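Each chain, letter by letter, is given below.
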Amino acid sequence: MSAIVDGDLLDEELAPTLQNIIDQKSLRWIFVGGKGGVGKTTTSCSLAVQMAKVRERVLLISTDPAHNLSDAFGQQFSKDAEKVENVDNLWAMEINPTDTFQEMIEQSSSDSPSGMPNGMPNVIQELAASLPGIDEAMSFAEVLKQVKSMRFEVIIFDTAPTGHTLRFLSFPTILEKTLAKVSEVSGRFGPLLNGLLGQQGSGPDNNFLSKLESMRQTVTEINKQFKDANLTTFIAVCIPEFLSVYETERMVQELTGSHMDIHCIVVNQMLFPAKDSNCPQCNARYKMQQKYAEQIDELYEDFHIVKMPLLTEEVRGAEKIKNFSKMLLEPYAAPV
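The rules behind the values
- Every residue gets a number counted from 1 within its own chain, in the order that chain's sequence is written.
- For a predicted model such as this one, the threshold for reporting local features is a pLDDT of at least 70, and the threshold for listing and counting side-chain atom pairs is 80 or more; totals across whole chains, interfaces and linings nevertheless cover every residue.
- Derived side-chain values reflect all non-hydrogen atoms in the structure, with water molecules and hydrogen atoms excluded from consideration.
- Secondary structure elements follow DSSP: runs of H or I of four or more residues count as helices, runs of E of two or more count as strands, with numbering from the N terminus.
- The length a helix should cover is 1.5 Å for every residue beyond the first.
- Using a 1.4 Å probe on the protein chains alone, a residue whose accessible area is under 20% of its type maximum counts as buried, one over 50% counts as exposed, and one in between counts as partly exposed.
- Stacked, tilted and edge-to-face pairs are distinguished by plane angle, under 30 degrees for stacked and over 60 for edge-to-face with tilted covering the rest, among Phe, Tyr and Trp rings (Trp via its six-membered ring) whose centres lie within 6.5 Å.
- For patch building, the residue pool is restricted to those with more than 30% relative accessible area and no salt bridge; the joining distance is 9 Å between like charges and 5 Å between nonpolar side chains (Val, Leu, Ile, Met, Phe, Trp, Tyr).
- Here, Shrake-Rupley sampling with a 1.4 Å probe gives the accessible areas, and only protein chains in the shown set may cover a residue.
- When a carboxyl oxygen of Asp or Glu is within 4 Å of a side-chain nitrogen of Lys or Arg, the pair counts as a salt bridge.
- When charges are counted, Lys and Arg are positive and Asp and Glu negative, with His and the chain ends excluded.
- Every charge is mapped onto a representative atom, which is NZ of Lys, CZ of Arg, CG of Asp or CD of Glu.
- Helix axes use the C-alpha atoms of the stretch in contact, all axes being lines fitted to C-alpha atoms, and the angles between their N-to-C directions lie in the range 0 to 180 degrees.
- If an angle is under 35 degrees, it is roughly parallel; if it is over 145, roughly antiparallel; if it lies from 65 to 115, roughly perpendicular; otherwise it is oblique.
- Contacts are assigned to residue pairs with any non-hydrogen atoms lying within 4.5 Å of each other.
- In plain words, nonpolar cores are sets of buried Ala, Val, Leu, Ile, Met, Phe, Trp, Tyr and Cys residues tied together by side-chain atoms within 4.5 Å.
- What pLDDT expresses is the predictor's confidence in each residue, scored from 0 to 100.

**Here we look at helix α2 (residues 40–51)**
- Between the first and last C-alpha of α2 there are 16 Å, a value that for 12 residues agrees with the 16 Å anticipated at 1.5 Å per step.
- The element α2 is extensively covered by neighbouring structure, given that 11 of its 12 residues are classed as buried.
- Lys-40, Thr-41, Thr-43, Ser-44, Cys-45, Ser-46, Leu-47, Ala-48, Val-49, Gln-50 and Met-51 are the residues of α2 that are buried.

**Some points on the packing of aromatic side chains**
- In total, this model carries nine aromatic pairs according to the counting rule given.
- Between Trp-91 and Phe-152, the ring centres sit 5.6 Å apart and the planes meet at 65 degrees, which makes this aromatic pair edge-to-face. Of this pair, Trp-91 sits in strand β6 (residues 90–94) while Phe-152 sits in the loop between α6 (134–150) and β7 (154–158), placing them 61 residues apart in sequence.
- Since its relative accessible area comes to 2%, Phe-152 is described here as buried.
- Look at Phe-272 and Tyr-332: their rings are 5.0 Å apart centre to centre, the planes differ by 50 degrees, and that puts the pair in the tilted class. On the criterion of sequence distance, the pair formed by Phe-272 in the loop between β9 (262–270) and α10 (280–299) and Tyr-332 in the segment after α11 (318–329) is long-range, its members being 60 residues apart.

**What about a negative patch on the surface?**
- A grouping of Glu-294, Glu-298, Glu-301 and Asp-302 is seen on the molecular surface, where their side chains present a negatively charged patch.
- Relative to the elements of secondary structure, Glu-294 occurs in helix α10.

**A word on the packing of α2 against α11**
- In the contact formed by α2 and α11, the axes pass within 8 Å of each other and the chain directions differ by 85 degrees. Comparing their axes, α11 and α2 come out roughly perpendicular. Facing Thr-42, Thr-43, Cys-45, Ser-46, Leu-47, Val-49 and Gln-50 of α2, the residues of α11 in contact are Ile-321, Lys-322, Phe-324, Ser-325, Lys-326, Leu-328 and Leu-329.

**Concerning the nonpolar core**
- Ranked by size, the top nonpolar core spans 39 residues in total, and within it Leu-18, Leu-47, Phe-73, Leu-90 and Ile-156 carry the most contacts.
- It is α11 that contributes the most residues to this core, six residues altogether.
- Once residues within four sequence positions are removed from consideration, Ile-156 is found in contact with Ile-30, Val-32, Ser-44, Leu-47, Ala-48, Met-51, Val-58, Leu-59, Leu-60 and Ile-61.
- With 34 residues, the next largest nonpolar core counts Phe-234, Ala-236, Met-260 and Ile-305 among its residues.

**Observations concerning a nonpolar patch on the surface**
- A cluster of nonpolar side chains, namely Phe-242, Leu-243 and Tyr-246, defines an oily patch on the protein surface of about 360 Å² accessible area.
- Looking at where Tyr-246 falls in the secondary structure, it is placed in helix α9 (residues 242–257).
- The class for Tyr-246 is exposed, based on a relative accessible area of 53%.

**Topic: the confidence of the model for the protein chain**
- Summing up the model confidence of the protein chain, the mean pLDDT is 78 and the portion of residues at 70 or higher is 65%.
- Within the model, pLDDT remains below 50 along residues 112–121, and this stretch shows 19 contacts once partners closer than five positions in the same chain are excluded.
- Confidence over residues 199–206 falls short of pLDDT 50; this stretch has 18 contacts with residues more than four positions distant or in other chains.

**Digging into the side chain of Ser-325**
- By the element assignment, Ser-325 lies in helix α11.
- What Ser-325 contacts, discounting residues up to four positions off in sequence, is Ser-46, Val-49 and Gln-50.

**Some thoughts on α10**
- Taking 1.5 Å per residue as the helical rise, α10 with its 20 residues ought to reach 28 Å, and the 29 Å between its terminal C-alpha atoms agrees with that figure.
- On its buried side, α10 packs onto β8 (232–238), α9, β9 and β10 (304–309).

Written out as structure tokens, the structure reads:
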């Protein structure tokens, strides 16, 4: 990814910072993910704080069922976007896909003038259960519709651990394919399905299947945006240990195979002991970390690799996040 100008090789794109993310004005969707416990939330919050300095409206969304945004900022967030205190231009929200899907079912029932027959929500849930991932995918699409209407310039996702993240990112494709099947089936058996769901005469806007179909345009558009490197990128977060490096490689391979841009890796909890350190545990762990850090450098030589230090205190509260966030843009200087 180095550029050649007038015969000279420039390594500017490979700088060990996330400045390239901040400078890419076209970016709209940024995903931050990795193995559990590697500092994804701290990284996503820090990136959001820096992004909010150059964009007027930034939204940070947690899709991890074990939400940490509220703890990180010391402020309670919910499924609705709320302004982050003491940080200009930044809003945050925490969503739970399962809860969102249940609300959609209840809303479909209440929207029907005649109501749903007893047991119909269960029928819908069973229908969704027969399509793996569709409940979360539908919730994801519903959230994206809400986010799109809020007119935020950049949306940063603090995602769940790797496996959930990869499934999460496949939702647009899953939903797009499912809607195509639903459309085909409803075209053939529309009256029968509407009768089964007890919504005849409720109108196209209130029909549950019509609501699914109405998502198609949004989902198709978002799916294209996620695979456009000018609009979307993924930042992998890891620590210099075997399992974390292994999961990072798995994630990079799957994202690349899905045509999703990823060119930045944040390596957290790095030890930088002083040369005269006499701590045997620190020195032993430092040597171990260096082995994996070198592997990361070799595996991702065309990535921006940001190495963040292990601190002596937790990064909690807006001010500490602001201080920590500076190291995403300015390489940490190890003590001499």
